[in-house]
Every structure is written in C-alpha cells, then in structure tokens.
Amino acid sequence: MGHLIDSVAELTDLRDRDALEATLAAVTLGLIQASRLTLWKVIYRAGVVRLRQRVNLVARGAPEVDEAPIDPNMLLPLVFRPDLYDCFHAGTPLCRTATAEGDVRYVFPVMDGRNVIRLLEILRSSPLREDQERLIVGMLRIYSNHLGVLDYGDCDELTGLFNRRTFHDYFSQIASYSDAVPPRVDERVPTRERFPHLAVIDIDFFKRINDDFGHPFGDEVLVLFARLMRECFNDLDRLFRFGGEEFLVILNNATKLEAQAALENFRATVEGFRFPQVGPVTASIGYTTVLPGDTGSSAFGRADAALYVAKQRGRNQVRSHEMLIADGVIEKRKAVGQDVELF
C-alpha cells in the first residue's frame with residue numbers, strides 16, 4: 001500500500017505534461033509487471049483521428065519519450081490499429097489475447113470527460129487479475145483528473161489553449177539550451193540548424209467583427225481560430241491565447257524555413273476558412289528565433305515588432321524579425337535587448 005501511495009504522490013507532484021506521461025508509464029509498468037507498455041496520444045486532425053506514440057517502455061528499460069516534431073498528417077490513422085480503434089470507440093478497457101508472441105494485450109482509454117485523449121497499451125505474459133485492472137483504471141483516472149486540474153489553471157477558458165500565465169514558465173524551459181549556437185541573422189541563407197521560434201498572431205480587424213456582429217459571434221471566431229491552430233501546428237508546439245484577439249505559438253525544434261512555412265500555412269488556412277455568419281477572416285503574424293539567454297519578454301518584443309510591420313504593410317502576412325533586420329526595415333540597435341512588460 002505504501003508503494004502505491006508513493007506512486008500516486010509522484011504522479012500528482014508533476015506539472016510538466018511530458019514528464020507526467022513518462023511517469024505514468026513507468027509507475028503503471030512497475031505496479032503490474034508488464035513486459036511492454038505504450039502510451040498513445042490521440043490527435044484529431046481535419047476529421048481524421050490519428051495516433052502518436054508518446055511513451056514506449058519495456059520491462060527494466062528506460063522510457064522512450066517521443067519529442068521530435070512530426071507532420072500531423074504523417075501520423076498513424078487510428079483505423080490502422082483495430083485493437084486501439086475498438087477501445088477508442090467503446091470507451092472501455094479491452095483485452096486481446098492472440099498476439100504473435102503469445103502475450104496478452106490490454107488497451108485502456110484515458111478520458112478528459114467525454115473524449116478519449118490517450119490510449120494505454122499493455123502487453124503481459126499472463127492475464128491481469130481483476131484487482132490489477134481496477135488499479136490501472138484508478139491510476140488513469142488520477143492522471144486524467146490531474147490533467148484537468150492543470151488545464152483549469154493553465155488554459156484559457158474560452159479556447160482551451162494555454163493562457164498567458166503559463167507562457168513564461170514554458171518559455172524558460174525552451175530557452176535554456178545554453179550550448180546552442182546563435183542562429184544567423186539573414187534567414188535567406190539555408191540552414192539545417194533547429195531552434196525554437198516564437199510567433200505573435202493577431203486577428204485582423206477583430207474589433208470590427210465584435211462591433212458588426214456582436215460579441216457572441218466574436219467569441220465563436222476565437223474558438224474556431226484556436227481550432228485551426230490545433231489543426232495546423234505540430235502537437236509538440238505550444239499554443240497560447242494571450243488575451244483578446246492575440247495568440248502566441250512556440251514552434252519547437254524547427255529550422256527557419258520550417259518555421260516560415262508552418263506560419264504561412266496557418267495564415268493561408270485562416271484566409272481560406274469561412275467563419276459562420278462572419279465570413280472571411282485574416283491574421284497577421286510576426287515571429288522571431290528564440291536566442292540562448294532570451295527571456296519571454298525580449299523574444300515577445302521582437303516578434304511583436306515584426307507583427308507591427310505586418311499590420312502596417314497591409315495585414316494578412318507573415319513577417320520575420322530577423323529578415324526585417326536583414327532588409328533594413330528594423331534597426332538592429334533598436335531591436336536587440338528590447339524588453340516588453342507582459343504583465
């Protein structure tokens with residue numbers, strides 16, 4: 001019993017969601033002595049349910065946590081895994097006994113209320129006892145409830161994206177790569193270097209939407225805009241609503257060309273989407289490469305300066321702070337060290 005209490009305490013002591021997933025897998029594996037445990041993240045993209053393997057853990061092995069950026073459209077469709085598909089739609093644990101290695105396969109759903117957000121796949125050489133099944137279900141409920149508590153404090157109530165309060169905490173994690181080499185200023189030079197990038201996104205003429213159609217339709221635009229963000233960006237990128245019509249994206253581990261392409265794809269997606277009642281909406285985007293030693297305020301200041309140029313030069317466009325410096329649009333001496341008070 002003491003070991004179980006320690007396991008629960010270890011799980012609920014974490015706020016970082018990646019560490020939480022790895023700990024859940026390790027704790028569960030230890031409690032039931034499985035030969036292999038895999039935690040799948042369920043991803044909804046343009047009407048297709050896909051799977052991303054987040055943690056893969058074998059007995060007496062270190063957890064393998066997948067943190068590499070992947071095009072969401074390249075992820076495994078759920079229908080390609082009938083055993084996981086059945087559990088996803090049933091919303092209840094399922095058992096399959098006919099594996100090639102003779103193991104017993106169990107699949108448990110992780111719910112966030114109504115939706116399945118994770119699938120836990122377990123392989124064992126022998127069937128689980130009833131008390132072990134209850135233990136797993138209980139651990140997954142604790143995990144789900146803990147995620148709910150984190151979301152309540154960390155997420156925007158309207159859109160479900162991370163809120164501005166969480167921005168600095170997360171930014172400090174991705175800006176701590178002290179051994180990284182500062183990126184080149186001129187983005188026109190191809191590079192294989194990967195860095196985080198911070199983008200500030202602003203819905204164009206949003207006040208006009210509220211004035212012409214009313215705040216309920218303005219709120220609907222915000223909700224749908226956030227949905228488009230989830231569909232367009234990688235599931236390892238971090239999406240924030242900063243307030244009003246302003247949003248932030250932290251693109252993790254991307255080249256400059258990849259960052260530009262991802263942001264341009266999102267801009268075009270918004271432009272081509274027809275919002276109910278409101279019709280076409282556009283967005284302006286400014287972004288910057290995160291530098292070693294950056295603070296959230298300094299990176300935000302550079303991205304916001306690029307956003308200002310995008311809005312001044314016609315809106316509905318993506319502008320890079322580094323490119324604007326290279327082109328002489330922004331003076332470097334005014335850009336470097338720019339610090340903006342966010343709170």
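What comes next concerns the included structure. Keep in mind that this is a model prediction, so the values were computed, not measured.

### Digging into the pairing of strand β10 (residues 238-243)
Move 1: Counting buried residues along β10, five of its six residues qualify, which places the element largely inside the surrounding structure.
Move 2: Here strand β8 (residues 162-163) pairs with β10 via two bridges, running parallel. Residue pairing in the sheet places Phe-162 in a bridge with Phe-240 of β10.
Move 3: Here β10 runs beside strand β11 (residues 246-254); their pairing, made up of five bridges, is antiparallel. Following the sheet pairing, Gly-243 is matched in β11 by Glu-246.

### A short note on unusual backbone geometry
Move 1: With a phi close to 55°, Gln-33 is a non-glycine residue in the positive phi region.
Move 2: Of note, Gln-33 is situated in the loop between α2 (17-32) and β1 (36-45).
Move 3: Residues other than glycine seldom take positive phi values, yet Phe-205 does so here, at roughly 55°.
Move 4: Locating Phe-205 in the fold gives a position in the loop between β9 (195-203) and α6 (206-213).
Move 5: In this structure Phe-205 comes out as partly exposed when scored by relative accessible area, which is 42%.

So, how was this worked out
- Residues numbered from 1 in each chain as written.
- Predicted model: local features only at pLDDT ≥ 70, side-chain atom pairs only at ≥ 80, totals over all residues.
- Heavy atoms only, no water.
- Buried < 20%, exposed > 50% of the residue type's maximum accessible area, 1.4 Å probe, protein only.
- Helix = DSSP H or I, 4+ residues; strand = E, 2+ residues; numbered from the N terminus.
- Pairing = 2+ DSSP bridges.

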